[in-house]
Amino acid sequence: MKAITTDFEYLPATTLEEALDLLSEHKDDDYRIIAGGQSLNTAMKHRLIAPEYIIDIKGVSDLDYITFDETEGLRIGALATHRSLEKSQIVREKYPVLCEMEENVASVETRNWGTVVGDLCNADPAVDPAPPLIALDAKLKIASKGEERTVAAEEFALDFFETVVQIGEMATEIQVPVLPPNTGVYFTKYSQIHGDYALASVAVRITLDSKKDKCTDARIGFAGVGSAPIRAKQAEDVLKGKQITEALLAEAAEVAKTEISPVSGIEGSADYKRDLAGTLMKRVGKVALERAQKA
Ligand SMILES: Cc1cc2nc3c(=O)[nH]c(=O)nc-3n(C[C@H](O)[C@H](O)[C@H](O)COP(=O)(O)OP(=O)(O)OC[C@H]3O[C@@H](n4cnc5c(N)ncnc54)[C@H](O)[C@@H]3O)c2cc1C
């Protein structure tokens, strides 16, 4: 068995180009990227991982941004912290659900250091930003030296603590499109302790027609109820093209319960989490509908 050593070589980058060069040079080495260190440091402290190289991107200030324009929508750079998203005026105005979500992520201390992209890259199955980003039809930009690609938020995490980001790559940006008119979005999570990871969380987005009568589009994202966050497409189909009532939301929630795969743990059984997710979805859907009607 290989002995675990805590020694590592520290490689700070100050520009995206430098970071991508370091990732390319160390493709064959055991390296880890560090941003705010809130999850990585914990994993290293517990000796769960012991990388030989740490590529520090915290100094890459060209990735520390949150911007919005009416064509492109919202752009969140890889170094934007939870706290900067929570406190962004433009985000509160255009995508209030993201600020509401952030208010319940961990503690202020963790939100001050931890990046939103780092949270998604850590890929805890209960990661809070995933459901609202899925509901908002967001994408993640992933870069390596000389190449770039984007993936849908619902395809980013593959399994427990595993994402589509490959060796030599890093996630650089979250892209959220402009919302269509008559759209409402809401998110909630249930956790036993305030600010803890969710037992289940859900975001629902509803877009209504010009008469605000029928649902023209719906998107639903869950976290905490599977090995990775998921988009409940069959439940979305239940809502599309119909007038949304509490009965229809209840029907969609029953369908969503068949799309998720919660795992039993000390904090609750799989059946409990499935029921919890369905109940949350009905409540969240109701608020999303009210918001769409007022939009
Ligand atoms: C006490 C505590 C409570 C928490 N509670 C919650 C909670 O309720 N909800 C929630 O959603 N989160 C929660 N978190 C997680 C927290 O939000 C994350 O630790 C933080 O956002 C991670 O960001 P970071 O910049 O610190 O990432 P780091 O810790 O630096 O990195 C995390 C992982 O992502 C990788 N990584 C980082 N940036 C990139 C990148 N740009 N490209 C590719 N890979 C990258 C790293 O290699 C590492 O594997 C909690 C954390 C703590 C410590």
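Residues numbered from 1 in each chain as written. Predicted model: local features only at pLDDT ≥ 70, side-chain atom pairs only at ≥ 80, totals over all residues. Heavy atoms only, no water.

Caption draft 1: Structural detail: the site of the ligand. Taken together, 31 residues surround the ligand, and among them I33, G36, S39, T115 and D119 come closest. One of the side-chain nitrogen or oxygen atoms of S39 is found 2.5 Å away from an oxygen atom of the ligand. D196 has a polar backbone atom sitting 3.2 Å from an oxygen atom of the ligand. Look at the ligand: alone it shows 980 Å² of surface, and the protein chains cover 88% of it. Under a 2 Å grid-point criterion requiring more than half of the atoms, the pocket assigned to the ligand is the largest pocket. Mapped onto the shell around the ligand, the elements with two or more residues apiece are β2 (31-34), α7 (116-122) and β10 (170-176). (Near = heavy atom within 4 Å. Polar contact = N/O pair within 3.5 Å; in protein donor to acceptor, adjacent residues only side chain to side chain. Areas by Shrake-Rupley, 256 points an atom, 1.4 Å probe, with all protein chains shown as cover. 1 Å grid on protein atoms, 1.4 Å probe; cavity = no way out; pocket = protein on both sides within 12 Å on 5 of 7 lines; lining within 4 Å. Sits in = over half its atoms within 2 Å of the grid points. Helix = DSSP H or I, 4+ residues; strand = E, 2+ residues; numbered from the N terminus.)

Caption draft 2: Structural detail: unusual backbone geometry. The phi angle at A123 is positive, at roughly 60 degrees, despite the residue not being glycine. The topology assignment puts A123 in the loop between α7 and α8 (130-135). Of note in this structure, N182 is not a glycine but carries a positive phi near 60 degrees. The topology assignment puts N182 in the loop between β10 and β11 (183-190).

Caption draft 3: The arrangement of the layout of surface pockets in detail. Of the volumes computed, that of the largest pocket is approximately 1,300 Å³. Every residue lining the largest pocket is counted, 45 residues in all, and those nearest its centre are R32, L40, G118, C121 and N122. Where the lining of the largest pocket is concerned, the elements lending two or more residues are β2, α2 (40-45), α7, β9 (162-163) and β10. Of the residues forming the lining of the largest pocket, the biggest block, 5 residues, is contributed by α7. Among the residues forming the lining of the largest pocket, the class breakdown is 22 nonpolar, 15 polar and 8 charged. (Points joined across faces, edges and corners; volume = space filled by probe spheres on them. Nonpolar A, V, L, I, M, F, W, Y, C, P; charged D, E, K, R; others polar.)

Caption draft 4: Region of the structure containing a nonpolar patch on the surface. On the surface, F160, F161 and V263 cluster together into a nonpolar patch covering about 300 Å² of accessible area. Note on placement: V263 falls in the loop between α11 (246-259) and α12 (270-294). On the basis of relative accessibility, which here comes to 42%, the residue V263 falls in the partly exposed class. (Patch = residues over 30% accessible without salt bridge, like charges linked within 9 Å, V, L, I, M, F, W, Y side chains within 5 Å. Salt bridge = Lys/Arg side-chain N within 4 Å of Asp/Glu carboxyl O. Buried < 20%, exposed > 50% of the residue type's maximum accessible area, 1.4 Å probe, protein only.)

Shape is all these values report; function is a separate question.
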